[in-house]
Amino acid sequence: MFVQLKKELNPQQYAAVTHKNGPILVLAGAGSGKTKAITYRIAYLIHHQKVDPKTILGVTFTNKAAGEMRQRVAALIGPKAKEVTLCTFHSLGLKILREHGHHLGYRRNFTIYGEGDQLSLLRTLIREHPKKRDKFDAGILLSRISGYKNKCVDGKSEFPLYGDKYDDILPEVYDRFQSALRAYQAVDFDDLILLPIRLLDEFPDVRRFYHETYQHLLVDEYQDTNHGQYRLITLLASAHRNICVVGDDDQSIYGWRGAEVRNILNFEKDYPDAKVIKLEQNYRSTQVILDAANHVIKNNNKRQDKRLWTDRGRGKNIDAFLARDENDEAKTIAWRLQTIKERASARWSDFAVLYRSNVQSRALESTFRVNKIPYIVVGGYEFFDRKEVKDIIAYLKVVQNPRDDLSLLRILNYPRRGIGDSAIVRLHEEAHKRDLCVYDLLKEAQNDHELSKQAQEGLRSFLLLIEELRKQRHAGDLSQLVRSTIEKTGYREEIERTIDDAITAQMKIDTVEELVSAASSFSEQEEAGTLASFLDSLSLNDDTFQNGGKKIRPDDAVLLATLHSAKGLEFPYVFMCGMEEDLLPHSRSLNEGGGIDEERRLCYVGITRARRHLTMSLVQERNKFGRKAKRIPSRFLKEIPEDLLCKQYSHSPNFFDRQIIKSANDDK
């Protein structure tokens, strides 16, 4: 197999694969063949260095990646690949804890608690706490405990402060939470990293056992490790120091999830004798695409210098078009996509449309439905499938038709108004028995003394709300009606009250507000933009209402995805939409330390998903909560040199006149 090794690998890959012993950092740029380098290195160690495969440990982040790695190694060396340990960080931690957890008081058959179990335990601890009247949220406590564990903060450490009421109780709750888990012989997923660190750190015999067991460590996607994962790997490699980490600091985009890019940036400080190899030859994209990515990412200061290049040719300039608004942007993307498909004999699955925020998919989905373009959404539910959207639409359906029992029962007690599940079941059964619609029965039930006073008051407030909105329905302003529905139901406040994570809550609020923009856009496009016609358009274009209520997931479809979800993927033709300030970079990043750098890395990841051609788009104004807001071009777009761009307006007649777009099959 290795007779032709130099022909199989480029010089940098060959150097990484054939490195003998000691620490090595492989900086693998986008599309540079990092998985090939890792798998060939494992095979080289076994075949050429005669390393016992049982002493090789490869760690990655997903079972899918570990499985792919195992398959590739098996294709190179056959059955011996089964003897190599290739697993995720959590699988490794579980293995260590099962074998040696008795040192910390855990039996081999301990239980792993999921999020539901953790929240249930924390709620019990809150009820038992002397300050329980302060109404502490179990979700917030769990989020902070998880963050502390990822940073290896324990009960003996000084807890970081947030400046709120949780600061006073967190140390005590943390201790009681961990004590309860031990008493129940249970651990959570964060413990699968934290407790193995304790075992390796505090018990020399355990550490010695794993130093002898695993004498060669390989870590994939090292830029995505958090502090706990970094500590675990460092302890495992501390004796033999045969550690090979592979990653790309320019693709570190999960800081919000605890990933610390400094782990890869500081590798040479941790291992001063480390060999550093840069994989800069790209096998995916054209040089124009790579040059654009290089020019954007070089504006980050804290990074390892790299310059991606390819021998695949210069390629076509990046198209950058300016649209009037998000609907014009979506229509233009659909038109260009259809034209490229026809002229390049491409499949729908050769295309991806990427965006920073989930709310941007709404205009795209609506336009693709109208134009019969098959699509799948990755990194979130389709816009009209999201719970918060379905809830507001259910309110609108009841406003339009109070006899819609299904929609009414969905929102009768959401947001919560003191009407319990048993009361709702009883009302539904009574309405069915008397052949009434539930809405008519509610008018009687609001004074039913068999219901609690809270439930009676809840029914009255619900009926008043619906009647008020029904009167407003005739005013003719559809977007104002949707806005009023959101405001008068208190839906935004309910999200803030029930969703513990601030970022998740804001995303849901943004999604709800995008529905106002959808109504506003509908009114602009339809002369008779009534509530009834708006609801009809949603139903007629929703595949859920067809084929027995089951979604059709086409095999050949355009991918709609967030930039975060697109990492690791590649497509012949990529559209990056919303290249505007406050979207990319996102407004939240402006107030976060290092946030702009991570947003720039996110842009870099998006650019390098494209193989043949990249199109970027931005708009002059964008609907926000039903109101037009002027937009500013993204600073990242400005960082791309003019000679790499072909700037146009939407539906530009010059779209195909200047350069020829190659077939999607040219690189296959």
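About the thresholds
Residues numbered from 1 in each chain as written. Predicted model: local features only at pLDDT ≥ 70, side-chain atom pairs only at ≥ 80, totals over all residues. Heavy atoms only, no water. Helix = DSSP H or I, 4+ residues; strand = E, 2+ residues; numbered from the N terminus. Buried < 20%, exposed > 50% of the residue type's maximum accessible area, 1.4 Å probe, protein only. Contact = heavy atoms within 4.5 Å. Areas by Shrake-Rupley, 256 points an atom, 1.4 Å probe, with all protein chains shown as cover. Phe/Tyr/Trp six-rings, centres within 6.5 Å; stacked < 30°, edge-to-face > 60°. Pairing = 2+ DSSP bridges. Axes fitted to C-alpha atoms, helices over the stretch in contact; angles between N-to-C directions. Parallel < 35°, antiparallel > 145°, perpendicular 65-115°, else oblique. Left-handed = near helix turned anticlockwise from the far one by under 90°. Nonpolar A, V, L, I, M, F, W, Y, C, P; charged D, E, K, R; others polar. Core = buried A, V, L, I, M, F, W, Y, C linked by side-chain atoms within 4.5 Å. Domains from an automatic or database assignment. pLDDT = per-residue confidence, 0-100.

(A) The overall build of the protein chain, seen in detail. From N to C terminus, the protein chain includes 28 helices and 17 strands. Within the span of the protein chain, comprising 668 residues, buried residues form 56% of the whole. Excluding contacts between residues fewer than 6 apart, the proportion of contacts in the protein chain whose partners are at least 24 apart in sequence is 77%. As displayed, the protein chain has an accessible area near 30,000 Å², and 48% of this comes from carbon and sulfur atoms.

(B) Summary view of the packing of aromatic side chains. Inspection of the entire model under this criterion finds 10 aromatic pairs. Ring geometry for phenylalanine 209 against tyrosine 210: centres 4.9 Å apart, planes inclined by 85 degrees, an arrangement best described as edge-to-face. By relative accessible area, phenylalanine 209 is classed as partly exposed at 36%. Tyrosine 210 gets classed as buried once you look at its relative accessible area, which sits at 1%.

(C) Examining the environment of arginine 98 more closely. With respect to the helices and strands, the residue arginine 98 is situated in helix 5 (residues 89-100). Expressed as a C-alpha distance, the spacing of arginine 98 and proline 196, which sit 98 residues apart in the sequence, is 9.8 Å.

(D) Spotlight on the sheet that holds strand 10 (residues 351-355). The parallel open sheet is built from 7 strands, whose spatial order is 11-12-10-13-14-9-17. Both edges of this open sheet fall to strand 11 (375-378) and strand 17 (645-649), since each of them pairs with a single strand only. Put simply, the sheet's adjacent strands are angled 20 degrees from each other on average, direction ignored. The pairing of strand 10 with strand 12 (residues 558-562) spans 4 bridges and is classified as parallel. Considered in strand 12, the bridge of leucine 354 is made with alanine 561.

(E) A look at the packing of helix 5 against helix 9 (residues 191-202). The contact between helix 5 and helix 9 brings their axes to 8 Å, and the two run at 50 degrees. When the axes of helix 5 and helix 9 are compared, the pair comes out oblique. Of the two elements, helix 5 crosses helix 9, and the hand of that crossing is left-handed. Of the residues in helix 9, those in contact with Phe89, His90, Gly93, Leu94, Ile96, Leu97 and His100 of helix 5 are Asp191, Leu192, Ile193, Leu195, Pro196 and Leu199. Of the residues in the contact of helix 5 with helix 9, the class split is 9 nonpolar, 3 polar and 1 charged.

(F) Local environment of the pairing of strand 11. Every second residue of strand 11 is oriented toward a common face, the buried set being Tyr375 and Val377 and the non-buried set Ile376 and Val378. The sheet contact formed by strand 11 and strand 12 spans 4 bridges and is parallel. If you follow valine 378 over to strand 12, its bridge partner there is alanine 561.

(G) Quick look at the nonpolar core. Ranked by internal contacts, the top residues of the largest apolar core, which has 63 residues, are Leu92, Leu122 and Leu141. With 8 residues, the top contributor of residues to this core is helix 8 (residues 166-183). Counting residues domain by domain, this core receives three or more from each of domain 1 (5-98 + 193-281) and domain 2 (113-184). In this structure leucine 122 touches Ala138, Leu141, Leu142, Ile145, Val173 and Phe177, once residues within four positions along its chain are discounted. Counting 48 residues, the second-largest nonpolar core is a separate cluster that includes Ile392, Ala431, Ile495 and Val516.

(H) Up close: the sheet that holds strand 6 (residues 216-219). Pairing in this open sheet of 6 strands is parallel, and the strands run 3-2-6-7-1-8 from one edge to the other. Of all the strands in the sheet, the pair left with one neighbour each is strand 3 (85-88) and strand 8 (275-279). Direction aside, neighbouring strands of the sheet carry axes that sit 15 degrees apart on average. In this sheet, strand 3 lies alongside strand 2 (residues 56-60) in parallel orientation, the contact comprising 4 bridges. Residue pairing for strand 3: valine 59 is matched across the bridge by cysteine 87.

(I) The arrangement of the pairing of strand 12 in detail. Of all 5 residues in strand 12, 5 are buried; the element is thus mostly enclosed. Alternating positions in strand 12 separate into two faces, Val558, Leu560 and Thr562 on one and Leu559 and Ala561 on the other, with burial throughout.

(J) How the structure looks around unusual backbone geometry. A cis amide bond links tyrosine 414 to the next residue, proline 415, at an omega of -5 degrees. In this model, leucine 584 is joined to proline 585 through a cis peptide bond whose omega is 10 degrees. By secondary structure assignment, the location of proline 585 is in the loop between strand 13 (571-576) and helix 27 (595-607). The backbone phi angle of lysine 372 is positive, close to 60 degrees, even though this residue is not glycine.

(K) Representation of the confidence of the model for the protein chain. Residues of the protein chain with pLDDT of at least 70 account for 89%, and the chain-wide mean is 86. Here residues 542-552 scores under 50 on pLDDT; set against residues more than four positions off or in separate chains, the count is 15 contacts. Low confidence marks residues 655-661, where pLDDT is under 50. Its contacts with residues over four positions away, or in another chain, come to 18 contacts.

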